[in-house]
Each structure stands twice: as structure tokens, then as C-alpha cells.
Amino acid sequence: MGEDEELVPVEVVGVRQHLVDEEIVVLLLDPASELFVPIVIGPSEGSAIASAQAGIVPRRPMTHDLLCDVISAAGTVLRRVEITSLEHGVFHAALVLGSGGRVDSRASDAIAVAVRVGCPVLCSAEVVAIAGVEASAGPAEQELERFREFLEQVTPEDFDTGQDPGGEGR
């Protein structure tokens, strides 16, 4: 991503599962433009984001917790996450480290790490313009309120796929 690309701060509103098609999405909100950016994600990433937002700490580190620990052990911090582009329906992101390094990432993983460390999430203004959905008064605000209520009640088990995401040794 070029230095001249405009990035805008976005709020990670949370995770939602569509009832009709059962896709899981994370919603980002650009408060300045009042646009939501929905990103379809997998159940593991949805669980990771929702549990971190709910303040749930697993007994043993999950993958995103492990990445946070590795960043810290390497003597740096996660300065910010950037959602850099949307190519063929796939959102691309980068972890921007305090050391100046950039690490290519899937947007869902980058967001899961960002909510753990509390760093800013920025999104390309072009991505917001292309993928953004209007956040209008009325039904959208009601939807946002229902979504926040959902976040208060969601648990990692709600996204259980029956597969152990951690593998052996947990």
C-alpha cells in the first residue's frame, strides 16, 4: 500500500451470523462517512473476535493470542492494523509493528489481533467507498442495537464448528 493512500479509522462493531445464509461477518464502522464495512469471515475468526471483545481469556493461548505473545516477545508492539484493499471479494490487511515492519494478513486475523491488543484499525478510504453500506437512522440503528445485545450474550461456543482449532497439546 502506498504512503499516499488515505486511511480512515474504523470501529470494530462486532461479529454477526446472518440467519438466512449463515455467513459470519465482522462489521467495521467508519463514523465519519456513516458506512458499515461488512467482511465475511470464518467461524474460528468470528469466535476469536467476539470472545476478545467480550473480554473472555482462554485457559491456553489460541492462535491470535499466540501471535500477540510473539510480537511482544520480539520486543515490539502492534501499532495498528490496516485494511488495505479489496481484490476479487477478498479483503487484504497488514499488521503494522512498532519496529516499522509490516506483516501481510487476512483482514479477519488482523482484526482478531487488533481487538486483543486494543490498537487502532484503519481502513483504506477506497475500500470503505467500494464495500461500505449506509448506516442510516432508524432500522440500521435498531439493527446495531440488536447487534450490540447479541455481542453481550455471545460465547465462543456459539461459533463451535466441532473441530479443534488448536490441534494437539492443548
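What you are looking at is a predicted structure, and each value in this text was computed from that prediction instead of being measured. In this numbering scheme, every chain counts its residues from 1 along its sequence in written order. pLDDT decides what is reported in this predicted model: residues at 70 or higher carry local features, side-chain atom pairs at 80 or more are listed and counted, and totals for whole chains, interfaces and linings draw on all residues regardless. With hydrogens and water stripped out, all remaining heavy atoms of the structure feed into the side-chain values.

(A) Summary view of the overall build of the protein chain. Strands are runs of DSSP state E lasting at least 2 residues, helices are runs of H or I lasting at least 4, and numbering of each runs from the N terminus. Of regular secondary structure, the protein chain possesses five helices and eight strands. For the protein chain, the sequential pattern of α-helices and β-strands runs β-β-β-α-α-β-β-β-α-β-α-β-α. With a 1.4 Å probe rolled over the protein chains alone, any residue whose accessible area is under 20% of its type maximum counts as buried; one over 50% counts as exposed, and the rest are partly exposed. Out of the 170 residues belonging to the protein chain, those deemed buried represent 39%. Residues are treated as being in contact if the distance between any of their heavy atoms lies within 4.5 Å. Contacts in the protein chain between residues at least 24 apart in sequence constitute 57% of all its contacts with a sequence separation of at least 6.

(B) Summary view of a nonpolar patch on the surface. Residues enter patches when their relative accessible area tops 30% and they take part in no salt bridge; the joining distance is 9 Å for like charges and 5 Å for the nonpolar side chains Val, Leu, Ile, Met, Phe, Trp and Tyr. Surface exposure here means Shrake-Rupley accessible area, sampled with a 1.4 Å probe, where a residue is shielded only by the protein chains that are shown. Whenever Lys or Arg places a side-chain nitrogen within 4 Å of a carboxyl oxygen from Asp or Glu, that contact is recorded as a salt bridge. Taken together, the side chains of Leu 66, Leu 67 and Val 70 present a nonpolar region at the surface, about 240 Å² in accessible area. The residue Leu 67 is located in helix α2 (residues 63-73) in this model. Owing to a relative accessible area of 33%, Leu 67 belongs among the partly exposed residues under this scheme.

(C) How the structure looks around the pairing of strand β2 (residues 24-30). With respect to burial, β2 is a largely interior element, seven of its seven residues being buried. Where burial is concerned, the two faces of β2 agree: the one with Ile 24, Val 26, Leu 28 and Asp 30 and the one with Val 25, Leu 27 and Leu 29 are both buried. Here strand β1 (residues 7-17) pairs with β2 via six bridges, running antiparallel. Bridging across to β2, Gly 14 finds its partner in Leu 27. A loop of six residues connects β1 with β2, the two strands running antiparallel in sequence, and Glu 22 in this loop sits at a positive phi of about 60°. Strand pairing is assigned whenever DSSP detects at least two bridges linking the two strands.

(D) Spatial organisation of the nonpolar core. Nonpolar core, defined: a set of buried Ala, Val, Leu, Ile, Met, Phe, Trp, Tyr and Cys residues in which side-chain atoms within 4.5 Å join the residues together. Membership of the largest hydrophobic core comes to 44 residues, with the highest contact counts inside it found for Leu 28, Ile 39, Ile 49, Val 81, Ile 83, Phe 91 and Ile 111. Discounting residues that sit within four places of it in the chain, Phe 91 has contacts with Val 37, Pro 38, Ile 39, Ile 83, Ser 85, Leu 86, Ala 107, Val 127 and Ala 131.

(E) Local environment of the side chain of Ser 124. Checked against the element boundaries, Ser 124 lands in strand β7 (residues 121-124). In terms of polar contacts, Ser 124 uses its side chain to reach the backbone amide nitrogen of Glu 126, at 3.2 Å. Any pair of nitrogen or oxygen atoms within 3.5 Å is treated as a polar contact; in protein, a donor-acceptor pairing is required on top of that, and neighbouring residues in sequence qualify only through side-chain atoms on both sides.

(F) Structural detail: the pattern of salt bridges. Across all of its chains, the model carries five salt bridges by this definition. Here Glu 45 and Arg 106 are joined by a salt bridge, their closest N and O atoms 2.4 Å apart. In this pair, Glu 45 is assigned in helix α1 (residues 43-53) and Arg 106 in strand β6 (residues 102-106), connecting sequence segments 61 residues apart. As a salt-bridge pair, Asp 65 and Arg 116 come within 2.7 Å of each other at their nearest N and O atoms. Of this pair, Asp 65 sits in helix α2 while Arg 116 sits in helix α3 (residues 107-117), placing them 51 residues apart in sequence. Among the residues examined, Arg 116 registers a relative accessible area of 23% and is labelled partly exposed. Within this structure, Glu 45, Arg 106 and Asp 109 form a network of salt bridges that share partners.

What is shown is where atoms sit, not what they do.
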